[in-house]
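Residue strings, one per chain:
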Amino acid sequence: MTARRPFRWPALLTESGRGIAFGGDYNPDQWPDEMVAEDIRLMREAKVNTVALAIFSWDRIEPREGEFTFDWLDSVIDQLGAAGIAVDLASATAAAPLWLYETHPEVLPIDKYGHVVNAGSRQSWRPTSPVFRQYALDLCRRLAEHYRDNPTVTAWHMGNEYGWNNRYDYSDDALKAFRLWCERKYGTIEALNEAWGTAFWSQHVNSFDEVLLPRHMGGDAMVNPPQQLDFERFGNDMLLDFYKAERDAIEAICPDKPFTTNFMVSTDQCTMDYAQWAREVDFVSNDHYFHEGESHLDELACSDALMDSLSGGRPWYVMEHSTSAVQWKPLNTRKRAGELVRDSLAHVAMGADAINFFQWRQSSSGAEAFHSAMVPHAGADSKVFRGVCELGEALETLSRAGVQGTELRRAGTAILFSAESEWAIRSQTLPSMKLSHWHDVRDWYRGLLDVGRRADVVPLAYDWSGYKTIILPTVLVLSERDVRRIADFVRAGGNVVVGYATGLVDEHFHAGLGGYPGAGDGLLRDMLGVRSEEFNILGTEAEGEPVTIGLSNGLETHLWQNDVTSTAPDTTIMATYAGDAASDWELDGVPAITSHPYGQGAAIYVGCDLDRHAIARLAAAADGLPWFGEPACVKPGDYGDAAGPTAATANAVPSEDAAGANAPAPRILHTVRESADGAVRFDFYMNRAKESVAVHDVPGEPIIAHRCSRSPSGSAGDIADGIDITGVADGWLLRRNAILVTRTVHRQE
Ligand code: GLA
Ligand code: GLA
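Conventions adopted
Residues numbered from 1 in each chain as written. Chains lettered and ligands numbered in written order. Predicted model: local features only at pLDDT ≥ 70, side-chain atom pairs only at ≥ 80, totals over all residues. Heavy atoms only, no water. Phe/Tyr/Trp six-rings, centres within 6.5 Å; stacked < 30°, edge-to-face > 60°. Helix = DSSP H or I, 4+ residues; strand = E, 2+ residues; numbered from the N terminus. Buried < 20%, exposed > 50% of the residue type's maximum accessible area, 1.4 Å probe, protein only. Pairing = 2+ DSSP bridges. Contact = heavy atoms within 4.5 Å. Axes fitted to C-alpha atoms, helices over the stretch in contact; angles between N-to-C directions. 1 Å grid on protein atoms, 1.4 Å probe; cavity = no way out; pocket = protein on both sides within 12 Å on 5 of 7 lines; lining within 4 Å. Points joined across faces, edges and corners; volume = space filled by probe spheres on them. Nonpolar A, V, L, I, M, F, W, Y, C, P; charged D, E, K, R; others polar. Expected span 1.5 Å × (residues − 1). UniProt positions renumbered as here; feature names shortened; annotations may be inferred. Salt bridge = Lys/Arg side-chain N within 4 Å of Asp/Glu carboxyl O. Right-handed = clockwise from strand over helix to strand, strands pointing away. Near = heavy atom within 4 Å. Areas by Shrake-Rupley, 256 points an atom, 1.4 Å probe, with all protein chains shown as cover. Core = buried A, V, L, I, M, F, W, Y, C linked by side-chain atoms within 4.5 Å.

Asks: Can you help me understand the packing of aromatic side chains in this one?
Replies: The relation between two aromatic rings is expressed through the spacing of the ring centres and the mutual angle of the planes. Tallied over the full model, the rule gives 31 aromatic pairs. Taking the centre distance of 6.1 Å and the plane angle of 75° together, the rings of tryptophan 181 and phenylalanine 234 count as edge-to-face. Pair noted here: tryptophan 181 is in helix 6 (residues 172-186) and phenylalanine 234 is in helix 8 (residues 225-253), with a separation of 53 residues, a long-range link. This pair shows no difference in class: tryptophan 181 is buried, exactly as phenylalanine 234 is.

Asks: How do you make sense of the sheet that holds strand 2 (residues 50-53) when you look at a structure like this?
Replies: If you trace the 9 strands from one edge of the open sheet to the other, you get 5-4-3-2-1-9-8-7-6, paired in parallel fashion. The open sheet has two edge strands with one neighbour each: strand 5 (259-260) and strand 6 (262-263). Taken together, the 4 bridges between strand 3 (residues 86-90) and strand 4 (residues 153-157) define a ladder with parallel strand orientation. Looking at strand 4, one finds that alanine 90 is bridged to histidine 157. Packed on one face of the sheet, helix 10 (residues 296-310) meets strand 6, strand 7 (285-287) and strand 8 (316-320) and runs near 130° to strand 8.

Asks: When you look at empty space enclosed by the protein in this model, what are you seeing that I'm missing?
Replies: A water-sized probe rolled over the atoms picks out the places where empty space is left. Per the stated rule, a full pass over the model turns up 6 cavities of 30 Å³ or more. Its boundaries defined by the atoms lining it, the largest cavity holds a volume of some 80 Å³. Lining the largest cavity are Asp440, Asp443, Trp444, Pro473, Thr474, Gly499, Tyr500, Val606, Cys608, Asp609, Leu610 and Ile615. It is helix 14 (residues 437-449) that provides the largest number of residues to the lining of the largest cavity, a total of 3 residues. Partitioning the lining of the largest cavity into residue classes produces 7 nonpolar, 2 polar and 3 charged.

Asks: I keep staring at helix 10 and nothing clicks. Help me out?
Replies: Count 3.6 residues to each turn of an α-helix, and residues three or four apart come out pointing the same way. Taking 1.5 Å per residue, 15 residues should reach 21 Å; helix 10 reaches 21 Å between its end C-alpha atoms and fits that length. Within helix 10, 15 of the 15 residues are buried, which leaves the element mostly enclosed by the surrounding structure. A positive backbone phi angle near 65° is found at glycine 312, which sits one or two residues after helix 10.

Asks: How should I be thinking about the sheet that holds strand 16 (residues 549-551) in this particular structure?
Replies: Whenever strands of a sheet pair, they do so through backbone hydrogen bonds, lying parallel or antiparallel. Here 9 strands make up an open sheet; going across it, the order is 12-11-13-14-21-20-19-16-17 and the pairing mixed. Each edge of the open sheet is held by one strand with a lone partner, namely strand 12 (456-459) and strand 17 (556-557). Relative to strand 13 (residues 469-472), strand 11 (residues 413-417) runs parallel, the two being bridged by 3 bridges. When the bridges of strand 13 are listed, alanine 414 appears paired with isoleucine 470.

Asks: Would you mind going over the UniProt feature "domain: Glycoside hydrolase family 42 N-terminal" (unreviewed entry) in the protein with me for this structure?
Replies: Summarizing the sequence annotation, UniProt attributes the feature "domain: Glycoside hydrolase family 42 N-terminal" (unreviewed entry) to residues 25-397 in the numbering used throughout. Taken end to end, residues 25-397 is 40% helix and 9% strand, and its first and last C-alpha atoms sit 23 Å apart.

Asks: When you look at the pattern of salt bridges in this model, what are you seeing that I'm missing?
Replies: A side chain with one charge may pair with a side chain of the opposite charge, provided their charged atoms come close. Tallied over the entire structure, the rule returns 49 salt bridges. Notably, a salt bridge pairs arginine 122 with glutamate 368, separated by 3.6 Å at the nearest N-O pair. Placement of the pair is arginine 122 in the loop between helix 4 (98-103) and helix 5 (130-147) and glutamate 368 in the loop between strand 9 (352-357) and helix 12 (383-401), with a sequence separation of 246 residues. Overall, the relative accessible area of 17% leaves arginine 122 in the buried class. A network of salt bridges, in which partner residues are shared, links Glu294, Asp298, Arg446, Asp450, Arg612 and Arg688.

Asks: Explain the environment of tyrosine 162 to me, please; I cannot follow it from the model alone.
Replies: Topologically, tyrosine 162 is positioned in the loop between strand 4 and helix 6. Relative accessible area serves as the criterion here: at 3%, tyrosine 162 is assigned to the buried category. In this structure the C-alpha to C-alpha distance between tyrosine 162 and valine 117, which are 45 residues apart in sequence, comes to 16 Å. With residues up to four places along the chain from it excluded, the contact list for tyrosine 162 reads Gln123, Leu239, Phe242, Tyr243, Glu246, Thr261, Met264, Thr271, Met272 and Trp277.

Asks: Where do I start with the UniProt feature "domain: Beta-galactosidase trimerisation" (unreviewed entry) in the protein in this structure?
Replies: As annotated in UniProt, the feature "domain: Beta-galactosidase trimerisation" (unreviewed entry) corresponds to residues 411-620 in the numbering used here. Note that residues 411-620 is 25% helix and 28% strand, and that its end C-alpha atoms are spaced 17 Å apart.

Asks: Teacher, can you tell me more about the pairing of strand 9 here?
Replies: In regular strands, side chains alternate between the two faces of the sheet. Extensive coverage of strand 9 is indicated by the burial of 6 of its 6 residues. Across 4 bridges, the pairing between strand 1 (residues 21-26) and strand 9 is parallel. Within strand 9, the position partnered with phenylalanine 22 by the bridge is isoleucine 355. Bridge count for strand 8 against strand 9 is 3 bridges, and the pairing is parallel. When the bridges of strand 9 are listed, tryptophan 316 appears paired with alanine 352. Between the parallel pair strand 8 and strand 9, the chain is carried across by helix 11 (residues 339-349), and the sense of this crossover is right-handed.

Asks: Is there a simple way to think about the pairing of strand 20 (residues 591-598) in this case?
Replies: With respect to burial, strand 20 is a largely interior element, 7 of its 8 residues being buried. By the bridge criterion, 4 bridges tie strand 19 (residues 572-578) to strand 20 in an arrangement that is antiparallel. Counted as the bridge partner of alanine 575 is isoleucine 593 from strand 20. Relative to strand 21 (residues 601-606), strand 20 is paired through 6 bridges, and the arrangement is antiparallel. By the bridge assignment for strand 21, tyrosine 598 is matched with glycine 601.

Asks: In this structure, what is going on with the site of ligand 2? I would like to understand it.
Replies: Taken together, Phe56, Arg122, Asn160, Glu161, Asp287, Tyr289, Glu320, Trp328, Phe358, Glu368 and His371 make up the full set of residues adjacent to ligand 2. In isolation ligand 2 exposes 300 Å². Once the protein is present, 97% of that is buried. For the shell around ligand 2, a count of residues per class yields 4 nonpolar, 2 polar and 5 charged.

Asks: Help me understand the nonpolar core in this model?
Replies: One broad rule of soluble globular proteins: the nonpolar side chains tend to lie buried together. In terms of nonpolar packing, the biggest core is built from 188 residues, with Leu89 and Met527 touching the most fellow members. Ignoring anything within four residues of it in the chain, the contact list for methionine 527 reads Ile486, Ala487, Val490, Val496, Val498, His596, Tyr598 and Ala603. Cys182, Tyr186, Phe231 and Phe234 belong to the second largest nonpolar core, which has 19 residues in total.

Asks: In this structure, what is going on with unusual backbone geometry? I would like to understand it.
Replies: What is expected of a backbone is that most residues other than glycine have negative phi and most peptide bonds are trans. For the peptide bond that leads from phenylalanine 358 to glutamine 359, omega is -5°, which places it in the cis range. Within the secondary structure, glutamine 359 is located in the loop between strand 9 and helix 12. At lysine 47, a position not held by glycine, the phi torsion is positive, near 65°. Its location among the elements puts lysine 47 in the loop between helix 1 (35-45) and strand 2. Classification of lysine 47 by relative accessible area gives partly exposed; the value is 28%. Within the chain, asparagine 737 stands out as a residue other than glycine whose phi angle is a positive 65°. With respect to the helices and strands, the residue asparagine 737 is situated in strand 28 (residues 732-745). Here asparagine 737 falls in the buried class, since its relative accessible area comes to 5%.

Here you go:
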């Protein structure tokens, strides 16, 4: 991997240039020119200090080929600058004008069936098209020349969500580029044949001119998995290349302003391998759209945990999120009271120093007319706009308190994420088509939150050797090098938790031999002290068969059980399969969860899928064992149940099942941001539950108490929101969607 570009953060137009950036995508091209003045008036009212501008404005800047006009954009930027609002200026290449497709239809992508992907939306271009590249780079250079010295433009917003609509292109340009890419990667055709396993189905490739894209080959044809995985990598690389070409074209003219492009990290998506992309931007930014349902806050935190790792622990930028509903899911839920502010501040709690939305003013036409915005259809006299103003106030308060530049305190445990594994599990050739690496990462993240432990989420490719424990949930692909890194980590005293479908194939999608998990030529098995021979797969499709299998520790597994047939003499069997369903599948007594000493550390094998609740119970039972490192920021039982007997009863989470009856899940997500010199620290407390939750022993002075009430004395008989908070020392009651932020300043001698 290439070295990371140095961290550079866009300045604001405040006196110091500092403060948390606040604003959104601004699309004045959708409105009459007079609207800009009214927009700016409202932006000032809401304390907006930044906008992302001209993302889809190519047709305004170059209305006809070669005819560049900047008057409109100049005027908008001038007005924003005069109002003290900084501009994150787009390269404007995400959506090309229609004239380009008329003259150059050869830039349009081709789908896997050979159909042209038509113009009319955005990103209707091939990343590998030399023609498109020429037009796009020309536009980049024009923009750079024109805005090089403009003081209102403080950052470059390259493209928009690269890969959103052109991740897969099967054109002849792509074919040509793919052949070159393969040649660069493999050097010799023998190496490619070996990696792709072309002896299977008569697919021997005689020269790089015979290499094929995985185009549609007929209804039942299965793409060769190593070829497909390389095609995923190739698509990622072509877009990254394109981004770099755009960035470099601007940087050659305008080197002083930082570059970013908005990633799409949320725990359902894996468009790009952002572990690579993060090294090519000056500051990392993300578009995060919430999950509907009860995972809302947890999912946000899990995605953000990866963002924090991608940014190397430095602050990062929320480039887009929504004030309320989106319009592109089957079901578009709105946000409840306080959620707009809470979500935004939750991103700050997870390390963000910039909170932007898609978009400033809700469109009245076009594909996104029913997507929420900062100024909704209803206008400024609306709940949403009042929420936006409240948020502006809160972010200004946090800026004044000095949050910007402080860093999220890392946890002791890292859940490892690998884009390649997420791509690989989508291959329709595995024992189960229901695998999801990302969802298993999320389940582990949430299961640990449920026992008061916050993990980080770290790319497999990065350095995680400083953690106490690493967890690999469904990291299907492990190269020999990765397995060695893991084994070295454990030998040196680390703990590893290896999930049920981890390390089944190497980076060429070759299954390891000699027993599962086979990655690392037996090293992974040796480290774990287990060997399994078959996968036991369950599902409702198998009529008359059990759909769950019980474990001897009371947990249940639903999808996948490894049939472990031997263990090392020093392997401790922590749970076996047990019960009727286990007997039915001849798994009764077979090891399901094991632990094995390896060097100075321990290797835990979770040989079957566990849902979030089972993971929580496993982690709770492992309390005291070194597996999950030390509790990160919160201790089990610190919250919810620890506020005194009465409050405990009032707050107790109805247990998920009998075995967990005495372990109410901690319902506070607590994070800490602190300055590098340790002089100032911010504590963030967020209520994960629907019910109000009491917290106590909160350090420092309160800075933000969004939907929180305080018990000043914590004295006998105090009731807040119907909950007795007697005995809660310096108690706070956090209602639904609450967030409490406090600051502690350590005086330095
Ligand atoms: C068919 C084919 C075999 C193999 C099996 C797999 O029977 O003839 O080559 O693909 O399916 O189930
Ligand atoms: C993406 C895009 C935006 C907009 C939003 C809608 O994040 O970048 O232009 O389409 O989705 O949610």
